Amino acid sequence: MLAHSKEEIVNSVPQTGFFGHPKGLFTLFFTEFWERFSYYGMRALLLYYMYTEIASGGLGIANDTAKSIMAIYGSLVYMSGIIGGWIADRLLGTQQTVFYGGVLIMVGHIVLALPAGVTGLFLSMFLIIMGTGLLKPNVSSVVGDLYRLSDVRRDSAFSIFYMGINMGALIAPLIVGTLGQEYNFHLGFGVAAIGMLLGLIVFVITKKKYLGLAGTYVPNPLAKDEKKKVFGQMTIGIIFIIILGFVTISTGILTINRFTYLVSILGILIPTIYFIVMYRSPKTNEDEKSRLLAYIPLFIAAIMFWAIQEQGSIILAEYADKRTQLEFLGIELHSSWFQSLNPLFIVVLAPVFAGLWINMGERQPSTSKKFSLGLFFAGLSFLVMIIPAAINGTETLVNPIWLVLSFLLVVIGELCLSPVGLSATTKLAPVAFSAQTMSLWFLSNASAQAINAQIVKLYQPATEIIYFGVIGGVAILLGVILLLMSPKIQQFMRGIR
């Protein structure tokens, strides 16, 4: 495929028509809106579907195993973005990669909507993991392709796009969750599939007219002889993995628990290798090496934060289902609805925090201090969950306000850490590894969920106070350590604030 200049790409896109933005932003906004609708709708039901008894329409998977599977699922979704980025950069370009990702996600949800048991569950997971890896990182890249680097609308565009992500995530549990819990799990998953189908329809119908050349070029295409070699290696690798999987599963060597341990190890090993390769590379100069060292404590802090935040769809989801009063002010609640709290608070509070940092200007906290605040609020979100258990024990149902408060606190932490982490990653990345360092940032979430796969097994109502107390306390302790290290980290950043 021929490469195009940035100027050619931007000139091929209709420049206004969607709130003063290129019409292509409409295409990408609604594609991502429906993709997030399908993903978060499915995720709001998945844990309950796995541990609910077969007689009640679930799979009857052991509670601890179901929670581990949820964590591993989330980890692999983030890891798969590395594959999606490579395919877009070297084979298809971002636009085509987004489309094929959407197709895989839709098929995955369709499989989950069928009464295919545990086999259907794992096939669906594989399809959605691969599809999300193709779509998620690349749809954001296409947004960037709509604008010149000097276009003052860029930040506003990403804010609108980010709102689409959270609006999809906000309404999905209310619709998919209600249908799944009130009527049938498979009906809920079917609606998630319809959501992704709607996203694909919007994308296909409008992409040619509204996106122009955006996302159509391949930045670093494989040469013909390279393609033959790479495809051959990929084919051999896939065949080997299939044979190995078949043999180890059929002989009982590879069990679900052993697989979760394997992914947990990879979750720590992969980012460690990333750091070592970048640090030892001759392409990384002394200033960049120093900045990488400054980035390591931030990365560890991010893992700790995401380890708490991602338990919202696992531990807090189970808490909502089994430990919470599902009636409030005369309204009957569904446990899946609590999954809408995170995106709701982000939609409400994100503009507040953006305005706050702008108004503070040079007086705003440094990157490491913002990370400390993120850890403090994340830790606090778990510590508050001790209070109802300490007051009334773990045998009584809890007022839903405690869950609402926990979600609110972790979102405040997220808004201190997540956008700042993205910004810090772009500033501290070695020039030769800028794209890989962004992949590394997303791996902080994958690593957190890989570690969670082992941690979440420890939660039981009987261990509730210890569980929330230890994890929340460790987060706050790490936040204090990071705060004390802040001057040294700033020194290693070599002029980057």
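Source: prediction; values computed, not measured.

Tell me what's going on with the overall build of the protein chain, and back it up with residues and numbers.
Scanning the protein chain from terminus to terminus reveals 18 helices and 4 strands. Across its three principal directions, the C-alpha atoms of the protein chain cover 65 × 55 × 50 Å. In the protein chain, the proportion of contacts linking residues at least 24 apart, taken out of those at least 6 apart, comes to 83%. Split by element, the accessible area of the protein chain, about 22,200 Å² in all, is 70% carbon and sulfur. Of the charged side chains in the protein chain, 32 are positive and 25 negative; the average position of the first set lies 9 Å away from that of the second.

Quick rundown of the pattern of salt bridges? Include the residues and the values.
Following the criterion strictly, the structure yields 7 salt bridges and no others. Note that Lys 136 is salt-bridged to Glu 32, the shortest N-O span being 2.8 Å. Taken together, the positions of Lys 136 in helix α6 (residues 117–145) and Glu 32 in helix α2 (residues 24–51) put the pair 104 residues apart, joining distant regions of the chain. Take Glu 32: its relative accessible area is 0%, and that puts it in the buried class. Between Arg 36 and Glu 35 there is a salt bridge, with its nearest N and O atoms 2.6 Å apart. No difference in accessibility class separates Arg 36 from Glu 35, as the two residues are buried.

Got a sec to walk through helix α11 (residues 286–309)? Specific residues and values, please.
Here α11 contains 24 residues, and its C-alpha end-to-end distance of 35 Å stays within 8% of the 34 Å for a straight helix at 1.5 Å per residue. The buried fraction of α11 amounts to 19 of the 24 residues, a majority that puts the element mostly inside the structure. Measuring from the backbone nitrogen of Asp 287 back to the side-chain oxygen at the start of α11 gives 3.1 Å, which picks out Asn 285 as the cap.

So, helix α12 (residues 315–322): which residues are in play, and what are the values?
Taking burial as the measure, the 8 residues of α12 include 6 buried ones, the bulk of the element. Taken together, the buried positions of α12 are Ile 315, Leu 316, Ala 317, Glu 318, Tyr 319 and Ala 320. Those residues of α12 hidden inside the fold are in contact with α2, α3 (63–79), α15 (386–392), α16 (401–428) and α18 (464–492).

Which residues make up the packing of aromatic side chains, and what values go with them?
Under the counting rule described, the total for this entry stands at 22 aromatic pairs. Between Trp 34 and Phe 37, the aromatic rings sit 5.2 Å apart at their centres with planes inclined by 70 degrees, giving edge-to-face as the arrangement. Placement of the pair is Trp 34 and Phe 37 together in helix α2, with a separation of 3 residues, close to one helical turn. With respect to burial, Trp 34 and Phe 37 carry one shared label: buried. Taken together, Phe 26, Phe 29, Phe 30, Phe 33, Trp 34 and Phe 37 form an aromatic cluster joined through their ring pairs. The ring centre of Tyr 51 lies 4.3 Å from the NZ or CZ of Lys 322, which sits over that ring. A cation over a ring is seen here: Lys 457 above Tyr 261, with NZ or CZ 4.6 Å from the ring centre.

Describe the nonpolar core, with residues and values.
Core analysis: the biggest nonpolar cluster contains 101 residues, and Leu 46, Met 50, Phe 189, Phe 371 and Phe 468 have the highest contact counts within it. When residues of this core are assigned to their parent elements, the largest contribution, 13 residues, is made by α11. Domain assignment of the residues forming this core places at least three in each of domain 1 (10–221) and domain 2 (280–496). Setting aside anything within four residues of it in sequence, one finds Phe 189 in contact with Met 42, Leu 45, Leu 46, Tyr 49, His 109, Leu 112 and Ala 113. One finds Ala 157, Met 196, Leu 211 and Ala 214 within the second-largest nonpolar core, a separate group that totals 19 residues.

What counts and what doesn't
- Residues numbered from 1 in each chain as written.
- Predicted model: local features only at pLDDT ≥ 70, side-chain atom pairs only at ≥ 80, totals over all residues.
- Heavy atoms only, no water.
- Helix = DSSP H or I, 4+ residues; strand = E, 2+ residues; numbered from the N terminus.
- Contact = heavy atoms within 4.5 Å.
- Areas by Shrake-Rupley, 256 points an atom, 1.4 Å probe, with all protein chains shown as cover.
- Lys, Arg positive; Asp, Glu negative; His and termini not counted.
- Charge placed at Lys NZ, Arg CZ, Asp CG, Glu CD.
- Salt bridge = Lys/Arg side-chain N within 4 Å of Asp/Glu carboxyl O.
- Buried < 20%, exposed > 50% of the residue type's maximum accessible area, 1.4 Å probe, protein only.
- Expected span 1.5 Å × (residues − 1).
- Polar contact = N/O pair within 3.5 Å; in protein donor to acceptor, adjacent residues only side chain to side chain.
- Phe/Tyr/Trp six-rings, centres within 6.5 Å; stacked < 30°, edge-to-face > 60°.
- Lys NZ or Arg CZ within 6 Å of the ring centre and 35° of its normal.
- Core = buried A, V, L, I, M, F, W, Y, C linked by side-chain atoms within 4.5 Å.
- Domains from an automatic or database assignment.

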